[in-house]
Amino acid sequence: MATLKSLDPKKILVVLHGSIGDVTRALPLANIMRRGFPKTTIVWAVEPPSMPLVEHHPAVDEVILFDRPRGWLQLFPFLRKIRAGGFDLVLDLQRHLKSGMISRWTGAPRRLGFHRLDGKELNWIFNNEHIPAVGNGISKLKHYLKFAEHLGLVPEPVEWNLSLTADEEAAVDRLLDQLPGGFATFFAGARWPSKGWFSEQMSSCAKQIEQRYGLRVVLLGSKHDAELAKEVENACHPNLINWVRRTSLKEAVGIIAKAKVAVGPDTGLMHLAAAVGTPVVSLWGATSPHRTGPYGFEDLVIEGRAPCSPCYRRHCPIGRLCMQSIGVDEIMAKIETGLSRKRSSAPAYGT
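Now for a description of the structure that goes with this document. (Residues numbered from 1 in each chain as written. Predicted model: local features only at pLDDT ≥ 70, side-chain atom pairs only at ≥ 80, totals over all residues. Heavy atoms only, no water.)

**Things to note about the overall build of the chain**
- Check the secondary structure of the chain and you find 13 helices and 12 strands.
- The C-alpha radius of gyration of the chain comes to 21 Å, within 12% of the 20 Å expected for a compact globule of 351 residues.
- With the principal axes as the frame, the chain shows a C-alpha extent of 65 × 45 × 40 Å.
- Within the chain, the proportion of its 351 residues that are buried is 53%.
- Total accessible area computed for the chain in this model is approximately 15,600 Å², and 53% of it derives from carbon and sulfur atoms.
- When the 44 positive and 34 negative side-chain charges of the chain are each reduced to one mean point, those points stand 4 Å apart. (Helix = DSSP H or I, 4+ residues; strand = E, 2+ residues; numbered from the N terminus. Rg over C-alpha atoms; globule rule 2.2 N^0.38 Å. Buried < 20%, exposed > 50% of the residue type's maximum accessible area, 1.4 Å probe, protein only. Areas by Shrake-Rupley, 256 points an atom, 1.4 Å probe, with all protein chains shown as cover. Lys, Arg positive; Asp, Glu negative; His and termini not counted. Charge placed at Lys NZ, Arg CZ, Asp CG, Glu CD.)

Structure, rendered in structure tokens:
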């Protein structure tokens, strides 16, 4: 049978509605496909939280939005667009029932997904080609790159090519004008409550960063992190800058790209920090960095210690003992290592 590359697909659909972290880790695959298939139209099906990452991305020609928060009535217009897309190749990167059904609904003659041993919810039934099984022994990013290998493409270099619009750049500049000198960024929370760190850890680290290195700390996060962020702000006033809820996702990317170091738990902003080359100290408890750690900064990982860790539970019934076990001194030692990393004075997006 001819390889997929020899068939020169005219229109490819990427199905990955997932978290900000997952979409970030899949961007290197999109860049590889753009280089390998320069004349191919690449379309990405996505949901609102991650849409800013792909909407103006140089490897993505079109975005099809499934606006699920507005209700399931949005499903039918979405499926009409999918069906009318005329795709000859689908890459199902989600590996769930939903993404499998979307892949099948396209009617594309070639629908590439995960091996049945690596899929979930009978996802493999809906796709007619599959990458080899690898299990959970490799990172998600490298797992996505197995799709490039199946396509006959060289799965390197790993590049993100994130970029901001002129308006987004201007918004970042306006914010940073309030903050002369160097700074660090902290990620206030995580999508799962079980993965978050504590206000006492954040405030103590923020004070020590200012005392030792003369760096102020910028706190970033979503509306769900507002209460926690306020606690940290009150403990550190006036030296900590609380920009939780004040930035868009892409503006947060621009801020992180100019930080000296970033610190936080397993969250989408952690992966975006790695994507723009900012040294990121990542804190782990309920989940494991061996599958989902930040690419290129594995040496700055800190794993909490608890008999049940990693539990992969959204809510912890025992007070997040794993995250409590991570000491401030341990975090500060990793921050010092991160700050010693050499990087360009004006970090570029997509490094």
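Now that the structure has been shown, the text picks up again.
**Looking at the pairing of strand 4 (residues 89-92)**
- Residues Leu89 and Leu91 of strand 4 are buried on one face, and the alternating residues Val90 and Asp92, pointing to the opposite face, are buried as well.
- As paired elements, strand 1 (residues 11-15) and strand 4 share four bridges and run parallel to each other. The partner of Val14 across the bridge, within strand 4, is Leu91.
- By the bridge criterion, three bridges tie strand 4 to strand 5 (residues 110-113) in an arrangement that is parallel. Its bridge partner lying in strand 5, Leu91 is registered against Leu112.
- Tracing the backbone out of strand 4, into helix 4 (residues 97-105) and back to the parallel element strand 5 gives a crossover that is right-handed. (Pairing = 2+ DSSP bridges. Right-handed = clockwise from strand over helix to strand, strands pointing away.)

**Remarks on the sheet that holds strand 7 (residues 183-187)**
- The sheet built from six strands is open, its strands ordered 9-8-7-10-11-12 with parallel pairing. Across the chains shown, the open sheet's two edge strands, defined by having one partner strand only, are strand 9 (240-242) and strand 12 (301-303). Ignoring strand direction, the axes of neighbouring strands in this sheet form an average angle of 20°.
- As paired strands, strand 7 and strand 8 (residues 216-220) are joined by five bridges and run parallel to one another. Residue pairing for strand 8: Phe187 is matched across the bridge by Leu220. (Axes fitted to C-alpha atoms, helices over the stretch in contact; angles between N-to-C directions.)

**Notes on the sheet that holds strand 6 (residues 129-130)**
- Taking strand neighbours across the sheet as the criterion, the six strands line up as 3-2-1-4-5-6 in an open arrangement whose pairing is parallel. Edge positions in the sheet fall to strand 3 (62-65) and strand 6, since each has one partner strand and no second.
- Lying over the sheet, helix 3 (residues 75-83) contacts strand 1, strand 2 (41-46) and strand 3, oriented at roughly 145° with respect to strand 3.
- Contacting strand 4, strand 5 and strand 6, helix 5 (residues 140-150) runs over the sheet at an angle of about 145° to strand 5. (Contact = heavy atoms within 4.5 Å.)

**Looking at unusual backbone geometry**
- Residues His237 and Pro238 are joined by a peptide bond in cis, for which omega reads 5°.
- Looking at the element boundaries, Pro238 is found in the loop between helix 8 (226-236) and strand 9.
- A cis amide bond links Ser309 to the next residue, Pro310, at an omega of 0°.
- Inspection of the secondary structure puts Pro310 in the loop between strand 12 and helix 12 (321-324).

**Section: the side chain of His143**
- Within the secondary structure, His143 sits in helix 5.
- The class of His143 is buried, set by a relative accessible area of 1%.
- Polar side-chain contacts of His143 include one of 3.1 Å to the side chain of Arg291.
- The contacts of His143, once residues within four sequence positions are left out, are Arg95, Phe114, Asp118, Ile131, Val134, Gly135, Ile138 and Arg291. (Polar contact = N/O pair within 3.5 Å; in protein donor to acceptor, adjacent residues only side chain to side chain.)

**Let's talk about the nonpolar core**
- Ranked by size, the top nonpolar core spans 96 residues in total, and within it Met33, Trp44 and Phe186 carry the most contacts.
- It is helix 1 (residues 20-36) that contributes the most residues to this core, seven residues altogether.
- Excluding residues that lie within four positions of it along the chain, Met33 makes contacts with Ile12, Val14, Ile42, Leu91, Leu151 and Leu153.
- Grouped together as the second largest cluster of nonpolar side chains are 13 residues, Phe66, Ile82, Phe87 and Ile102 included. (Core = buried A, V, L, I, M, F, W, Y, C linked by side-chain atoms within 4.5 Å.)

**Thoughts on the layout of surface pockets**
- In this model, the second largest pocket occupies a volume close to 230 Å³.
- Along the wall of the second largest pocket there are 14 residues; nearest its centre are Ser139, Pro289, His290, Gly293 and Glu298.
- Looking at the lining of the second largest pocket residue by residue, the classes come out as six nonpolar, three polar and five charged. (1 Å grid on protein atoms, 1.4 Å probe; cavity = no way out; pocket = protein on both sides within 12 Å on 5 of 7 lines; lining within 4 Å. Points joined across faces, edges and corners; volume = space filled by probe spheres on them. Nonpolar A, V, L, I, M, F, W, Y, C, P; charged D, E, K, R; others polar.)

**Observations concerning the environment of Glu330**
- Relative to the helices and strands, Glu330 is located in helix 13 (residues 328-339).
- Sequence spacing of Glu330 and Ile302 is 28 residues, and the spatial spacing of their C-alpha atoms is 8.0 Å.
- Setting aside anything within four residues of it in sequence, one finds Glu330 in contact with Ile302, Arg305 and Ser325.

**Brief notes about empty space enclosed by the protein**
- Taken as a whole, this structure holds two cavities of 30 Å³ or more when the rule is applied.
- A volume near 50 Å³ is recorded for the largest cavity.
- Considering the residues around the largest cavity, the lining is formed by Gly285, Ala286, Ala306, Cys308, Ser309, Cys311, Cys316, Ile318, Leu321 and Cys322.
- Of the residues belonging to the lining of the largest cavity, the class tally is eight nonpolar, two polar and no charged.
- Taken as a whole, the second largest cavity holds about 40 Å³ of empty space.
- Lining the second largest cavity are Pro52, Leu53, Val54, His56, His57, Pro58, Asn161, Leu162, Ser163 and Lys250.

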